[in-house]
Amino acid sequence: MASREEALAQALGGLDSETRQALARALERGEVELEGGGWGSVDDGSGCLLSLAAWELGLERGESLMRRSVSAVQVPALFDAWWDEVLTREGDVVRTRRSVREALGEMLFRGLAAPRDELQSAPADGVTAAGDDGAVGAQEASGRVAARP
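Description of the structure in this document. (Residues numbered from 1 in each chain as written. Predicted model: local features only at pLDDT ≥ 70, side-chain atom pairs only at ≥ 80, totals over all residues. Heavy atoms only, no water.)

## Here we look at the overall build of the protein
- Within the protein one finds seven helices and three strands.
- In the protein, the order of α-helices and β-strands from amino to carboxyl end is α-α-β-β-β-α-α-α-α-α.
- Looking at the 149 residues of the protein, the share that counts as buried comes to 28%.
- Put simply, the protein shows about 9,300 Å² of open surface, and 50% of that area lies on carbon and sulfur atoms. (Helix = DSSP H or I, 4+ residues; strand = E, 2+ residues; numbered from the N terminus. Buried < 20%, exposed > 50% of the residue type's maximum accessible area, 1.4 Å probe, protein only. Areas by Shrake-Rupley, 256 points an atom, 1.4 Å probe, with all protein chains shown as cover.)

Dropping the structure here:
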């Protein structure tokens, strides 16, 4: 069985990219504190993961993001369970926030970054540099690039 942290990482990976990016930006800025056990509010200065992402997107409530995917429905409960586990281990809310923020940053970075094999084997336009003779040929014809021997 997966740990609570692994289950949360998997659910975060299942969020749509807009939500993941908004959450990453909110965590990076750190203007609102993470808090488990409730949705939180901007006025209180703390909230759960979906609330932080929603506020970053200009939405009023984290619940608004739950319509986007099954993972978005799972995230609040998984986050709360993991928050409780880390809080019990750390014994202090300040240390828990720091530990959770660092771990979430790593989870989101892994989810937003493409695996290295994909970057090396599949260029975004589907054309490898070696196979892209069309642009060079057009430049040779116009005289902008010296012809190859």
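Okay, back to it.
## Some thoughts on the nonpolar core
- Residues Leu8, Leu12, Leu34, Leu49, Phe79, Trp82 and Leu104 are the most contacted members of the largest nonpolar core, which totals 29 residues.
- Those elements that provide at least two residues to this core are helix 1 (4-13), helix 2 (17-29), helix 3 (49-56), helix 4 (70-90) and helix 5 (93-112).
- Setting aside residues up to four positions removed in sequence, Leu12 forms contacts with Arg20, Leu23, Leu49, Val75, Leu104 and Met107. (Core = buried A, V, L, I, M, F, W, Y, C linked by side-chain atoms within 4.5 Å. Contact = heavy atoms within 4.5 Å.)

## Considering the sheet that holds strand 3 (residues 46-47)
- Taken in spatial order, the three strands make up an open sheet running 1-3-2, and their pairing is mixed. Each of the sheet's edge strands pairs with one partner strand only, and the pair in question is strand 1 (33-34) and strand 2 (40-41).
- Two strands pair when backbone bridges link them, and strand 2 and strand 3 are joined in this way by two bridges, in the antiparallel orientation. Along strand 3, the bridge assignment pairs Gly40 with Gly47. (Pairing = 2+ DSSP bridges.)

## Things to note about helix 2
- In this model helix 2 runs 18 Å from its N-terminal to its C-terminal C-alpha over 13 residues, within 8% of the 18 Å that 1.5 Å per residue would give.
- Looking only at helix 2, the buried set comprises Thr19, Arg20, Ala22, Leu23, Ala26 and Leu27. Projected down its long axis, helix 2 carries its buried residues within an arc of 165 degrees, all on one side.
- At the C-terminal side of helix 2, Gly30 shows a positive phi close to 70 degrees. (Expected span 1.5 Å × (residues − 1). Arc of directions from axis to C-beta.)

## Considering the pattern of salt bridges
- With the rule as written, the count across this model stands at eleven salt bridges.
- Among the ionic pairs, Glu85 bridges to Arg4, the shortest N-O distance being 3.1 Å. With Glu85 in helix 4 and Arg4 in helix 1, this residue pair connects regions lying 81 residues apart in the sequence.
- According to the relative accessible area criterion, Arg4 is partly exposed, its value standing at 44%.
- Between Glu33 and Arg101 there is a salt bridge; the shortest N-O distance is 3.9 Å. With a gap of 68 residues between them, Glu33 in strand 1 and Arg101 in helix 5 connect regions that are remote in the sequence. (Salt bridge = Lys/Arg side-chain N within 4 Å of Asp/Glu carboxyl O.)

## Things to note about the packing of aromatic side chains
- Scanning the model with the defined rule gives one aromatic pair in all.
- Where Phe79 meets Trp83, the ring centres are 5.9 Å apart and the plane angle is 45 degrees; that geometry is what we call tilted. Taken together, the residues span about one helical turn, with Phe79 and Trp83 both in helix 4 at a distance of four residues. Neither Phe79 nor Trp83 differs from the other in exposure class; each is buried. (Phe/Tyr/Trp six-rings, centres within 6.5 Å; stacked < 30°, edge-to-face > 60°.)

Scope: geometric values only; no functional claims are made or implied.
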